[in-house]
Amino acid sequence: MGNPVTPEGATVMRSIEESFRRTFDPALLLGFPGLWKSVSIDPMDFSASLGCSPNSWVPHGGAGCCAIAVADLGAAKLTGVRMPPSHFDVTAADDEVFVVFGMDEKHHAVVNGVTVPVASMGLGWPGTRCVAHWPEGDGAQQSFVTIHLSAERVPPEWPRCDELFSIHELSATSVTRLRAFLTEIFLTTAHERPPPAGPDASERRIAALIDEIGLALRGSSVVRAPPALVTKGYLSLIDRVDDDIAAHFAKRIRLEDVAEALRVSRRTIHNVMTRVRGLTFQDYLLTLRLRCVRFSLLHDQNVRLVKQSAMRYGFTHQGRFAQDYAERFGETPSETLARRERRDEF
């Protein structure tokens with residue numbers, strides 16, 4: 001049995017809970033026994049299952065730390081996040097349904113190139129893709145929840161989507177109710193030592209979660225993208241740009257060269273990048289290069305020198321690279337490599 005909570009401790013816990021209800025900041029839950037949780041400058045510093053790709057979950061610059069908490073209920077995994085302006089590129093697994101829901105009153109996002117309403121939910125079926133970001137000017141931090149549900153648990157009446165996530169505009173009542181429900185799941189689980197109060201409790205929470213999402217969806221309307229704005233062709237072009245960059249990382253990469261190789265105009269690439277990724281081509285290129293270096297320093301056992309990784313990804317000016325890296329990640333590349341080497345010793 002754990003130590004009893006003193007009256008002073010109970011007062012502190014209540015204060016933290018009320019702050020969490022207002023902000024949905026997972027960093028507030030670090031002192032609680034339940035949940036998997038962490039605070040870091042970048043998602044790549046989290047466990048491999050959450051940050052394994054350099055381009056799946058990308059903060060735009062060093063605007064602030066990312067905080068994350070995971071409530072694992074078995075057939076449902078809820079991930080609560082608060083992080084700076086970022087872009088995401090995720091595809092739902094073959095056996096899961098993926099739900100994304102903003103936890104801020106003024107949550108803003110652009111999903112697959114379409115600006116979505118504040119009161120909305122993203123829904124992805126197995127194999128569907130979501131490329132999203134929120135603009136730099138929409139606040140230093142935003143909070144959201146992703147829900148991974150076993151596909152076999154999802155009711156057949158939930159609306160289906162094709163190759164891209166669907167966006168569903170919800171009523172104000174549904175948004176308020178769902179935010180309160182999700183907040184309480186995290187708070188309840190945070191107080192428990194895993195597993196959360198046994199399988200029966202997890203099963204009850206999953207059933208209640210599915211009911212709440214279904215209730216919100218029943219009164220929703222699908223947000224339709226303007227036909228000329230985003231099609232699969234936009235995302236295909238993004239992938240082709242990524243492939244061309246990856247093939248020439250060690251070389252000088254210019255927008256005009258990529259445009260010529262892909263047989264499109266520079267303006268087309270610029271428009272697609274800013275609309276879908278939320279970054280200009282040059283900002284995106286620098287971001288991707290820095291993240292690839294960091295990924296290799298953290299995970300590539302063959303990398304023994306910082307310069308070795310920096311040169312591989314096109315950084316020829318080591319002083320400027322080190323400065324950009326430190327501004328982005330809050331530590332020098334040598335410190336990142338040293339952390340991996342200490343970890344490898346155990």
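Just so it is clear, the model here is predicted, and its values are computed rather than measured.

On to the pattern of salt bridges. Under the criterion given, the structure shown has 14 salt bridges. Arg129 is paired through a salt bridge with Asp239; the nearest N and O atoms lie 2.7 Å apart. Linking Arg129 in strand β10 (residues 129–133) with Asp239 in helix α5 (residues 232–247), this pair joins segments that are 110 residues apart in sequence. Take Asp239: its relative accessible area is 27%, and that puts it in the partly exposed class. Close ionic contact of Arg254 with Glu256 constitutes a salt bridge, the shortest N to O distance being 3.6 Å. Taking the relative accessible area as the measure of exposure, Arg254 reaches 31% and is therefore partly exposed. A cluster of three or more residues bridged by salt bridges with shared partners is formed by Asp89, Arg129, Asp239, Asp242 and Arg277.

Helix length check: helix α3 (residues 172–190) (19 residues) gives 27 Å between terminal C-alpha atoms against 27 Å at 1.5 Å per residue, within 8%. The set of residues buried in α3 consists of Ser174, Val175, Leu178, Arg179, Phe181, Leu182, Thr183, Ile185, Phe186, Leu187, Thr189 and Ala190.

What follows deals with the pairing of strand β9 (residues 120–124). Counting buried positions over the five residues of β9 gives five, a clear majority of the element. Burial along β9 is two-sided: the residues Ser120, Gly122 and Gly124 and Met121 and Leu123 are all buried. In terms of strand pairing, strand β6 (residues 96–102) meets β9 through four bridges, oriented antiparallel. The partner of Phe98 across the bridge, within β9, is Gly124. The pairing of β9 with strand β12 (residues 166–169) spans four bridges and is antiparallel. In the strand pairing of β12, Leu123 is matched with Ser166.

Turning next to the packing of helix α8 (residues 281–299) against helix α10 (residues 318–329). Contact geometry for α8 and α10: axes closest at 11 Å, N-to-C directions at 85 degrees. By the angle between their axes, α8 is roughly perpendicular relative to α10. Note on element contacts: α10 touches α8 through Phe321, Asp324, Tyr325, Arg328 and Phe329, opposite Leu286, Thr287, Leu290, Arg291, Val293, Arg294 and Leu297. Of the residues assigned to the contact of α8 with α10, the class counts are seven nonpolar, one polar and four charged.

The next thing to look at is the nonpolar core. Membership of the largest hydrophobic core comes to 39 residues, with the highest contact counts inside it found for Leu78, Trp158, Leu182 and Ile213. Of all the secondary structure elements, the ones that give two or more residues to this core are β3 (66–72), β4 (76–83), β6, β9, β11 (142–150), α3 and α4 (198–218). The element that contributes the greatest number of residues to this core is α3, accounting for eight residues. Trp158 has contacts with Val97, Val99, Leu123, Trp125, Leu149, Ile210, Ile213, Gly214 and Leu217, leaving out every residue within four places of it along the chain. By size, the runner-up hydrophobic cluster in this structure holds 35 residues, among which are Val272, Tyr284, Leu297 and Val303.

Enumeration over the complete set of coordinates arrives at 11 aromatic pairs. Ring geometry for Phe20 versus Phe24: centroids 4.8 Å apart, planes at 40 degrees, classification tilted. The pair Phe20 / Phe24 is uniform in exposure class, with both members buried. Here a set of aromatic residues connected by ring pairs shows up, and it is made of Trp57, Phe88, Trp134 and Phe144. It is Arg160 that lies over the ring of Trp125; its NZ or CZ is 3.7 Å from the centre.

Before going further, it helps to spend a moment on the sheet that holds β4. One open sheet accounts for eight strands, arranged β1-β3-β4-β11-β6-β9-β12-β13; its pairing is antiparallel. Of all the strands in the sheet, the pair left with one neighbour each is β1 (36–40) and β13 (221–222).

With that settled, the discussion passes to the sheet that holds strand β7 (residues 110–111). Sheet strands pair by backbone hydrogen bonding; their relative direction is either parallel or antiparallel. Taken in spatial order, the five strands make up an open sheet running β2-β5-β10-β7-β8, and their pairing is antiparallel. Each edge of the open sheet is held by one strand with a lone partner, namely β2 (57–59) and β8 (114–115). Relative to β10, β7 runs antiparallel, the two being bridged by two bridges. Of the residues in β10, the one forming a bridge with Val110 is His133. Its contacts with the sheet place helix α7 (residues 266–277) against β5 (86–91), β7, β8 and β10, and it is angled at close to 90 degrees to β10. Seen against the sheet, α8 touches β2 and β5 and runs at an angle of roughly 115 degrees to β2.

Before going further, it helps to spend a moment on the packing of helix α1 (residues 7–23) against α3. As a packed pair, α1 and α3 sit with axes 10 Å apart at the nearest point and diverge in direction by 150 degrees. Crossing geometry of α1 relative to α3 is assigned as right-handed. Contacts from Glu17, Phe20 and Arg21 of α1 reach α3 at Thr183, Glu184, Phe186 and Leu187. In the contact of α1 with α3, the residues fall into three nonpolar, one polar and three charged.

About the criteria used
Residues numbered from 1 in each chain as written. Predicted model: local features only at pLDDT ≥ 70, side-chain atom pairs only at ≥ 80, totals over all residues. Heavy atoms only, no water. Salt bridge = Lys/Arg side-chain N within 4 Å of Asp/Glu carboxyl O. Helix = DSSP H or I, 4+ residues; strand = E, 2+ residues; numbered from the N terminus. Buried < 20%, exposed > 50% of the residue type's maximum accessible area, 1.4 Å probe, protein only. Expected span 1.5 Å × (residues − 1). Pairing = 2+ DSSP bridges. Axes fitted to C-alpha atoms, helices over the stretch in contact; angles between N-to-C directions. Parallel < 35°, antiparallel > 145°, perpendicular 65-115°, else oblique. Contact = heavy atoms within 4.5 Å. Nonpolar A, V, L, I, M, F, W, Y, C, P; charged D, E, K, R; others polar. Core = buried A, V, L, I, M, F, W, Y, C linked by side-chain atoms within 4.5 Å. Phe/Tyr/Trp six-rings, centres within 6.5 Å; stacked < 30°, edge-to-face > 60°. Lys NZ or Arg CZ within 6 Å of the ring centre and 35° of its normal. Left-handed = near helix turned anticlockwise from the far one by under 90°.

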